[in-house]
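Notes for the structure review
Here is what each chain is made of, one letter per residue.
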Protein chains: 2
Amino acid sequence: MTTEEKPASRDGSGPARAVVLLSGGVDSATALAVARNEGFHCVALSFRYGQRHEIELHAARRVAQSLGVTDHRIVEIDLRQFGKSALTGDIEVPKNRPLEEMSSAIPVTYVPARNIIFLAYALALAEVTGSQAIFIGVNAIDYSGYPDCRPAFIQQFEEMARTGTQMGVEGRPVRIHAPLLYLSKAEIIRRGAALGVDYALTHSCYDPDAEGRACGQCDSCRLRKKGFAEAGIPDPAVYVSHAG
Amino acid sequence: MTTEEKPASRDGSGPARAVVLLSGGVDSATALAVARNEGFHCVALSFRYGQRHEIELHAARRVAQSLGVTDHRIVEIDLRQFGKSALTGDIEVPKNRPLEEMSSAIPVTYVPARNIIFLAYALALAEVTGSQAIFIGVNAIDYSGYPDCRPAFIQQFEEMARTGTQMGVEGRPVRIHAPLLYLSKAEIIRRGAALGVDYALTHSCYDPDAEGRACGQCDSCRLRKKGFAEAGIPDPAVYVSHAG
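Here's a quick rundown of the structure. (Residues numbered from 1 in each chain as written. Chains lettered and ligands numbered in written order. Predicted model: local features only at pLDDT ≥ 70, side-chain atom pairs only at ≥ 80, totals over all residues.)

As a further point, take the sheet that holds strand 2 (residues 41–48) of chain A. Residues and elements named next belong to chain A. The five strands lie next to each other as 3-2-1-4-5, forming an open sheet whose pairing is parallel. Both edges of this open sheet fall to strand 3 (71–76) and strand 5 (175–177), since each of them pairs with a single strand only. Each strand axis lies, on average, 25° off the axis of its neighbour in the sheet, ignoring direction. Relative to strand 3, strand 2 is paired through six bridges, and the arrangement is parallel. Paired with Phe 47 across the strands is Val 75, a residue of strand 3. Along the sheet, helix 2 (residues 55–66) contacts strand 2 and strand 3; its crossing angle with strand 2, the most-contacted strand, is approximately 170°. (Pairing = 2+ DSSP bridges. Helix = DSSP H or I, 4+ residues; strand = E, 2+ residues; numbered from the N terminus. Axes fitted to C-alpha atoms, helices over the stretch in contact; angles between N-to-C directions. Contact = placed C-beta atoms within 7 Å.)

The structure is reproduced here in structure tokens:
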């Protein structure tokens with residue numbers, strides 16, 4: 001879809017709807033801005049899943065509001081009983097590991113099947129809101145080594161959804177849009193900045209302090225800092241200052 | 001996999017594990033018995049999803065216990081905010097509709113993306129328990145017209161999971177077993193009876209009364225009654241008696 005033509009809803013009444021997965025980080029905020037720029041009326045979907053960095057939900061609310069979203073749903077899901085991730089359990093969040101290492105190994109911050117669960121809920125919400133698209137801010141370049149951020153995964157999820165949902169069976173399959181898939185973090189930030197995203201509202205850190213300041217050392221902070229540096233745009237995040 | 005060879009766990013320590021989706025109805029109870037008979041150590045997974053017929057969770061507990069399951073997880077998910085199904089909302093459960101109609105149209109009891117959400121959670125549980133299989137009791141014959149009970153859907157979900165999970169990436173993909181896929185309800189009941197399933201413990205009705213008695217008139221009750229009748233096995237369910 002080009003940005004020139006605005007999508008219409010299937011029954012011709014008003015703009016087409018899209019469900020946008022919104023974590024409150026740089027990528028999902030940018031994906032929301034892209035969806036809006038393509039003319040979709042956006043329903044935002046966030047999850048409270050026992051994440052350490054629940055402050056990101058506040059960021060998601062601020063981002064949704066700033067981009068004109070009027071329908072933002074926050075779904076409670078409990079991944080903690082499935083344990084085993086540094087984002088939900090009590091494994092230590094790794095700090096200052098080499099950036100090269102990130103895309104070659106699955107990190108302990110991987111939450112089992114997380115994007116699969118998120119996309120499954122997004123599908124359900126797409127069915128009940130009559131949305132013809134789901135936007136997800138995954139990317140395959142600076143992607144931290146998560147298997148559920150890969151292009152083949154997104155494509156196979158879409159195919160599965162075509163077969164397994166009422167909309168698909170009735171010839172109105174939901175398309176999964178991953179507009180950041182092939183962009184570097186710097187390109188994502190440039191794209192979002194051009195679309196008016198206020199990145200001061202976003203939150204990236206896996207391990208913020210009590211005041212919500214970013215650690216600056218986890219994978220997510222380091223990818224963010226590198227992205228802003230390469231984009232030549234000042235990073236508005238507030239970081240804890242570390243000695244050394 | 002034949003029933004003669006017992007699956008071994010990948011590290012050779014003890015039997016292989018499987019996650020079994022267990023609703024407490026005839027089909028999932030039979031799928032659990034099949035998994036157990038194939039030599040899997042079973043982890044049962046049920047959901048409290050705002051269903052009208054929450055009594056089925058009691059049935060799931062009884063069934064799990066009777067078939068020797070020691071690890072049974074019940075996950076809370078809230079599909080009610082996604083509305084729109086007779087199983088979770090306040091649409092009337094249809095009664096006494098012709099059986100021929102069931103497989104030709106998607107009924108109002110369809111919960112958007114339900115099996116996709118359930119299988120996504122099962123994948124997460126498979127990852128954290130080191131399970132190499134997921135058993136789901138869907139079938140494509142007497143299947144009430146749900147799109148997420150079709151063979152192509154199961155196959156595509158398995159492919160998506162191979163790409164999108166840590167286990168898949170590491171060459172240990174989870175297999176989705178749907179052992180009832182091509183069986184009629186009567187064949188399912190005969191199979192389960194032969195494996196020692198006590199169907200008196202199961203619950204099928206979408207619209208039970210306050211004492212938990214089955215209505216006998218919803219799609220699920222009618223498929224169940226027809227199945228037991230065709231299998232030549234007495235149905236142990238307790239039905240409300242209707243005048244006329």
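Turning next to the relation of the copies chain A and chain B. The relation between the two copies of this chain is a rotation about an axis and a shift parallel to it. If you rotate chain A by 180° and push it 0.0 Å along the axis, it lands on chain B with an RMSD of 0.0 Å. Taken together, the turn and the small shift mark the pair as related by a two-fold rotation axis. Take the interface residues of chain A: 100% of them recur as interface residues in chain B, which is what a same-surface contact looks like. (Least-squares fit on C-alpha atoms with pLDDT ≥ 70 in both.)

Take the packing of helix 7 (residues 185–194) of chain A against helix 8 (residues 219–231) of chain A next. Residues and elements named next belong to chain A. Interaxial distance between helix 7 and helix 8 falls to 7 Å at its minimum, and their mutual angle equals 65°. When the interaxial angle is binned, helix 7 and helix 8 end up roughly perpendicular. Between helix 7 and helix 8 lies a crossing of right-handed hand. Contacts between helix 7 and helix 8 involve Lys 185, Ala 186, Ile 188, Ile 189 and Arg 190 from the former and Leu 223, Lys 226, Gly 227, Phe 228, Glu 230 and Ala 231 from the latter. Taken together, the residues of the contact of helix 7 with helix 8 sort by class into six nonpolar, one polar and four charged. (Parallel < 35°, antiparallel > 145°, perpendicular 65-115°, else oblique. Left-handed = near helix turned anticlockwise from the far one by under 90°. Nonpolar A, V, L, I, M, F, W, Y, C, P; charged D, E, K, R; others polar.)

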